[in-house]
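# Notes for the structure review
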Amino acid sequence: MPDDTINEDELEIHDPKRTAAGVTGVRVSLQRSLSHMGLKNTAKTLLKLNQADGFDCMSCAWPDPDPENRHTAEFCENGAKAVAEEATKDRADPAFFARHSIADLSARDEYWLGQQGRISHPMVKRPGGTHYEEIGWEEALRLIGNHLNALGSPDEAIFYTSGRASNEAAFLYQLFVRAYGTNNMPDCSNMCHESSGTALTESIGIGKGSVSLRDIYDAECIVIAGQNPGTNHPRMLSALEIAKRRGAKIIAINPLREAGLVNFRNPQKPRGVVGKGTDIADLHLPIKINGDLALFQALGSLLLEWDAVDHEFVERHTHGFEAWAEHVRAVDWDVVESATGLTRAQITEAAELIRGSDATIYCWAMGLTQHRNAVATIREVANLALARGDIGKRGAGLCPVRGHSNVQGDRTMGIWERVPEHFLDALQSEFGFDPPRKHGLDTVDAIRALRDGKASFFMGLGGNFVQAAPDTEVTAKALGSAAMTVQVSTKLNRSHVECGDTALILPTMGRTEKLVTPAGEQYVTVEDSMSAVHASRGVLPPISPHVRSEVAIIAGLAEATVGRRHGIDWSAMAIDHDIIRHHISRVVPGCEAYTHNVDRPGGFVLPHPPRDSRTFETSSGKAEFVPSPIELLHVPDGHLVLQTLRSHDQFNTTIYGLSDRYRGIEDGRRVVFVHPDDIAAQGFAPGDLVDLVSHWDGDDVTRVAKRFRIVPYDTPRGSAAAYYPETNPLVPLDSTATGSNQPTSKSVMVRLEPHPTQDEANVGAAQDDVGADDSHKTDRQPRHLS
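Here goes a summary of the coordinates provided. (Residues numbered from 1 in each chain as written. Predicted model: local features only at pLDDT ≥ 70, side-chain atom pairs only at ≥ 80, totals over all residues. Heavy atoms only, no water.)

## Details of the overall build of the protein
Basically, it comes down to this: Numbering of helices and strands runs from the N terminus; a helix is a DSSP stretch of H or I covering at least four residues, while a strand is a stretch of E covering at least two. For the radius of gyration, the atom set is restricted to C-alpha positions; the globular benchmark scales as 2.2 Å times the number of residues to the power 0.38. To sort residues, take the accessible area from a 1.4 Å probe on protein chains only and compare it with the maximum for the residue type: under 20% means buried, over 50% means exposed, and anything in between is partly exposed. It only takes one pair of heavy atoms within 4.5 Å for two residues to be counted as in contact.
Within the protein one finds 32 helices and 33 strands. Over its C-alpha atoms the protein spans a radius of gyration of 25 Å, differing by no more than 12% from the 28 Å that the globule rule assigns to 786 residues. The proportion of buried residues among the 786 residues of the protein is 66%. The long-range share in the protein, meaning contacts at least 24 apart out of those at least 6 apart in sequence, stands at 79%.

Below you can see the structure in the form of structure tokens.
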């Protein structure tokens, strides 16, 4: 196999109105790294980023090549940005918090908050307080423990987890929470790939993807649906480049024609710097928002018509084929064309590419998972793979591409409000207490519980819950109504200012930092999107003597709350992470000999029965075909269907800057991308300022996001797009996917209303940004480089 696993994300956009040089990303990332970290730390961190003896990138969960195939610069532009943000020399210390009241911080935008540097000391806002003030660690932990032990029931507490937490921290966290007495463990997966896990568990018996990085290289056809690798998973582009050079056909299914799937210029190869780069997608299907279920059923109908089915696989390994076949044979093509906005000829072209492939991989991300019918859509993707026999063979399979570096690992370690009984049984056998069996609250239900006064304590292990969750105003008020909120964080964010009566910020070490305890230097482990588990070792000293590792924080909190109630030695696990890993090896399926396996270069891959042996842990013992009716979105007159998305200059809710050069946007974020004909039909012109007003049949609430500039864009008629978290206020809390309860952030009904006159808009902007530094305004008027 050639050594071709180059990892950079520079693209060339074939649009003379917008240019992006192949080396732009290298220049941008190096400039940012040098300005944030300085020369010494830039070299020290980037040369160890994603290396077998270094630390894992804290952004996306794309897998690493085998250790022998890694390059010196094994990172992408956005990975370098993430490191620069974490290893910045700027500090938000007690003096910073003394200068800025919570009211002042609340008036700042998210970009400004994130640029204030690393939080260096534990901080507390006491009841009635206007500022955060310094607090000692022991007092902070005692304050939290006393509060938790005074609650009427453990179920009044919510314990949220971000995908950044390591496996060791996640395992210890769920152990502490269950020893305390609740399963209320919502996590960020509830908002990103919960629909994938639900659908795949029903279809193939496991909620994880079935492919490896090697499979991507060996695929003959790759379907990429509802995903923008160039921005959200940039290192995926280098794998696609290898697949293309080996002859793979790539089908991109996405409302927007994204630059990353047009052309990839790899700056580590001469052709990427001075050549034309690599054209990625052979076929782009500009599908209408929420048309994917109809599309995949139409593809299945055509493949059945052509008898392009792996009958041997279907007969030996699946159940329910005939019912599914009968359903998709009867597909109504008028309904399909209406739902997708595609012609039968376009769909047929895609079906022919799949028919001509003996090994097809189906990739997707949140463009499929965040709809009312998301679970049905992903089951339909699985149906297609099953019909073709594309499970458990080289170069083929299902590939949900996860967006946060250890979100899959956290779930493996037991961070789940509905963890299986066998996991709880193993926990009981290992630690000698009977963990709670009643299912806990997911993200949406946790917000409802806080809103309704059924919960009064919230703890976030990383993340920015207020900005990540739907219905921002409702979420902010819910957290604000809590008696106590606790955030384990590296940097300042909105969730620190939308806080409880008592609020604590516990500053933690990041991936870049080296942890040394009395037992010696420690490391942590993570799991990527393809079930590979490996070690991560920081290289920089902690940013302050007053920050602690996530493991130490959790252990200290457990000591202050649970103590030795169950005979668990929490402090020993904080000192020696091998103790945690030994427990993991006896509790978590597939993690036997965990310490030995993760200590090898590159780590190990968890078992995956469908991939490894074509066995399926379903009720029938076979993979399940599950038919689903096609549901057409009802779009009220005068409305568009809005999808929320990232800019190129952000990761999840973290905003790195105000540039989205792949879409031609500079100096701002409040833009809405709309088809030129829709702009005219609604009586607007490009560049007009509008307010976005969402409509949902489930309630009569008016939700508004103000002052967005209209940008004409190549997207299907009736569709629109805008960046989150600015548009999260438009997503109703109670609008969720059937079966997974995941927010429907990719299908929001909106109408465009004229923003007040320019003079009024200027006054409003001034009021919105009281006290803000002009250089850090994310809502100043953006420029579209058209």
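Let's pick the thread back up.
## As for the side chain of N741
Using the following cut-off: Whenever two N or O atoms come within 3.5 Å, that pair is a polar contact, provided that in protein one can donate a hydrogen and the other can accept it, and provided that, for residues adjacent in sequence, both atoms are side-chain atoms.
Within the fold, N741 resides in the loop between strand 31 (719–723) and strand 32 (748–754). Within the structure, the side chain of N741 is placed 2.9 Å from the side chain of D442, a separation counted as a polar contact. At a separation of 3.0 Å, a polar atom in the side chain of N741 contacts the side chain of T736. Residues contacting N741, with those up to four places away along its chain left out, are D442, V444, D445, R448 and T736.

## Quick word on the sheet that holds strand 33 (residues 783–784)
As a reminder of what qualifies: DSSP bridges decide pairing: two strands pair if at least two such bridges lie between them.
Spatially, 26-27-33 is the arrangement adopted by the three strands of the open sheet, whose pairing is antiparallel. The open sheet terminates on both sides in strands that have one partner only, identified here as strand 26 (659–660) and strand 33.

## Here we look at the pairing of strand 28 (residues 671–674)
Burial along strand 28 is two-sided: the residues V671 and F673 and V672 and V674 are all buried. Direction of pairing for strand 28 relative to strand 30 (residues 703–712): parallel, over a ladder of four bridges. Looking at the pairing, V672 lines up with I710 of strand 30. Looking at chain direction, strand 28 and strand 31 are connected through three bridges and run antiparallel. Paired with F673 across the bridge in strand 31 is A721.

## Side note on the state of the cysteines
We apply this condition: By convention in this document, the label disulfide applies to cysteine sulfur atom pairs within 2.5 Å.
A full pass over the atoms with the stated rule returns zero disulfides. Of all cysteine sulfurs in the structure, the one in C60 sits closest to C76, which takes part in no disulfide; the separation is 6.1 Å. Residue classification places C76 among the buried positions, given a relative accessible area of 5%. Cysteine C363 remains unbridged, with the sulfur of C399 as its closest cysteine sulfur at 3.9 Å.

## Digging into the pattern of salt bridges
The following threshold applies: Should a side-chain nitrogen of Lys or Arg be within 4 Å of a carboxyl oxygen of Asp or Glu, the pair is scored as a salt bridge.
This structure, assessed with the given rule, holds 53 salt bridges. Ionic pairing is found between R126 and E139, a salt bridge with its closest N-O pair at 3.1 Å. With a gap of 13 residues between them, R126 in the loop between strand 3 (123–125) and strand 4 (133–134) and E139 in helix 6 (residues 137–150) connect regions that are remote in the sequence. Of the charged contacts in the structure, one is a salt bridge between D678 and R717, with a shortest N-O distance of 2.6 Å. Placement of D678 in helix 31 (residues 676–681) and of R717 in the loop between strand 30 and strand 31 is noted, with a sequence separation of 39 residues between them. A relative accessible area of 6% means that D678 is categorised as buried. The exposure class assigned to R717 is partly exposed, which follows from its relative accessible area of 42%. In this structure, a network of salt bridges that share partners links the residues R32, E77, K81, D649 and R661.

## Considering the side chain of T517
Assignment of secondary structure puts T517 in strand 17 (residues 515–517). By relative accessible area, T517 is classed as buried at 13%. Reaching out from T517, the side chain makes a polar contact with the side chain of Q522 at a distance of 3.4 Å.

## Let's talk about the nonpolar core
Where we set the bar: Here, the term nonpolar core denotes a set of buried Ala, Val, Leu, Ile, Met, Phe, Trp, Tyr and Cys residues that are joined through side-chain atoms within 4.5 Å.
One finds F159, F176, F457 and W570 to be the most contacted residues of the largest nonpolar core, which totals 63 residues. Broken down by element, this core gets its largest block of residues, ten residues, from helix 7 (residues 167–180). Not counting residues up to four positions away in its chain, the partners in contact with W570 are L172, L175, F176, A179, A555, A558, E559, V562 and G563.

## Here's the deal with the environment of H319
Note that H319 resides in strand 11 (residues 318–319). Overall, the relative accessible area of 44% leaves H319 in the partly exposed class. In sequence terms H319 and I289 are 30 residues apart; their C-alpha atoms lie 31 Å from each other. Excluding residues that lie within four positions of it along the chain, H319 makes contacts with S620, K622, A623, E624 and F625. One polar contact links H319 to E624, side chain to side chain, over a distance of 2.9 Å.

## As for a nonpolar patch on the surface
Which entries qualify depends on this criterion: Candidates for patches are residues over 30% relative accessible area with no salt bridge; among them, like charges are joined within 9 Å and nonpolar side chains (Val, Leu, Ile, Met, Phe, Trp, Tyr) within 5 Å. Exposure was quantified through the Shrake-Rupley algorithm and a 1.4 Å probe, taking into account, for residues, occlusion by the shown protein chains and nothing else.
Side chains of L30, L34 and L39 sit close together on the surface and give an oily, nonpolar patch of about 290 Å² of accessible area. Tracing the chain through its elements places L34 in helix 1 (residues 24–46). Residue class for L34 comes out partly exposed when judged on its relative accessible area of 41%.

## Quick notes on the sheet that holds strand 29 (residues 689–695)
Stated formally: To obtain an axis, a line is fitted to C-alpha atoms, over the contacting stretch when the element is a helix, and the angle between two such axes runs from 0 to 180 degrees between their N-to-C directions.
Strands sit in the order 23-31-28-30-29-32 around a closed barrel of six strands; the barrel is mixed. Shown here is a sheet whose adjacent strand axes are inclined to one another by a mean of 45 degrees, direction ignored.

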